[in-house]
Amino acid sequence: MKGIILAAGKGTRMYPMTLPVCKPLLPVYDKPLIYYPLAVLMQAGIRDILLIVPPDEMYSFIKLLGDGANFGVNLTYRIQYEQRGIADAFLIGRSFIGEDHVCLVLGDNILCGDGLNQALHTAAAQNTGATIFGYHVDDPRPFGVVEIDPDGRARSIEEKPAQPKSHYAVPGVYFYDSSVLDVAHGIQPSARGELEITAVNAQYLREGLLRVVKLEQPFVWLDAGNAKSLLTAANTVMRLQKQEGRLIGCLEEIAWRMGYIDDETLARCASKLKNTAYGAYIQGLCETGK
């Protein structure tokens, strides 16, 4: 399975913060926002990953993440020159995906919690169709909303409905078989001129091939799409890390625990960051071995 992170948004709702740097490179407490969606793909067992980035920003991403060797993954970069919607990621990444299944993660989503690895692997294990997540929220109106039947299949899916049919919002993590390439190619731009991911999911729904994995407590989903939610995300990450005594979205730790990198590579990563609390945490993993 291949992975794609769509990290090409200009972040216009966050101006002037995002005038000099794109949103996925902004800090969320102690690490860049882009670390969190990358962590999701790594935890799902995906190691071939395409980052779709804005024009003129590729060097910044490469400076931060390189080719992925420090995290035991293979990173490829491509540019989205125009804001054409989420589903455009499949058109940009068509040759990268090939005949493989693919997981698409949005560059401003943070997902964490006990059992996340299992939920991700359950979604990745499906051989046909599409699998999305449903996260219970009090007010789902600002999000894509999915209605779920008792067998875990979607009954309906709507984008920002005025009268939602359920309280399950759809986080920005989507798993598809390779037919998503043809589905994305066949959809038409919406009224706002974008290729909507909801249109892709609706096609799988019509074919009876859209499954939903519910994410209940203690899962945490954070959408850092504006200045207020970015601050909320940073405060939540800080609180959870303090409570649990471990870092969220620490790519080096995930790579080490997943067996993507060895002890020597982990120690080298810790040495490069030795003057930071983040580096001290990694050094602690090296010393304790757990």
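Structure: above.
Let us look at the structure shown here. These figures come from a predicted structure and were not determined experimentally. (Residues numbered from 1 in each chain as written. Predicted model: local features only at pLDDT ≥ 70, side-chain atom pairs only at ≥ 80, totals over all residues. Heavy atoms only, no water.)

Our focus in this paragraph is the pattern of salt bridges. Under the defined criterion, the tally for this structure stands at 12 salt bridges. The partner of aspartate 182 in a salt bridge is arginine 94, with the nearest N and O atoms 3.3 Å apart. With a gap of 88 residues between them, aspartate 182 in helix H6 (residues 180-186) and arginine 94 in helix H4 (residues 94-97) connect regions that are remote in the sequence. By relative accessible area, which is 53% here, aspartate 182 ends up exposed. Notably, a salt bridge pairs arginine 246 with glutamate 244, separated by 3.0 Å at the nearest N-O pair. Take arginine 246: its relative accessible area is 33%, and that puts it in the partly exposed class. On the accessibility criterion, glutamate 244 (40% relative accessible area) is partly exposed. Through salt bridges with shared partners, a single network forms among Asp114, Glu244 and Arg246. (Salt bridge = Lys/Arg side-chain N within 4 Å of Asp/Glu carboxyl O. Helix = DSSP H or I, 4+ residues; strand = E, 2+ residues; numbered from the N terminus. Buried < 20%, exposed > 50% of the residue type's maximum accessible area, 1.4 Å probe, protein only.)

For the rest of this paragraph, the subject is the environment of serine 166. Structurally, serine 166 can be placed in the loop between strand S10 (154-159) and strand S11 (168-169). A residue is classified by how much of its surface remains accessible, and serine 166, at 13% relative accessible area, is buried. Serine 166 sits 35 residues away from threonine 131 along the chain, and the two C-alpha atoms are 18 Å apart. Apart from residues lying up to four places away in sequence, serine 166 is in contact with Pro140, Val145, Val146 and Glu147. In terms of polar contacts, serine 166 uses its side chain to reach the backbone carbonyl oxygen of valine 146, at 2.5 Å. In terms of polar contacts, serine 166 uses its side chain to reach the backbone amide nitrogen of tyrosine 168, at 3.1 Å. (Contact = heavy atoms within 4.5 Å. Polar contact = N/O pair within 3.5 Å; in protein donor to acceptor, adjacent residues only side chain to side chain.)

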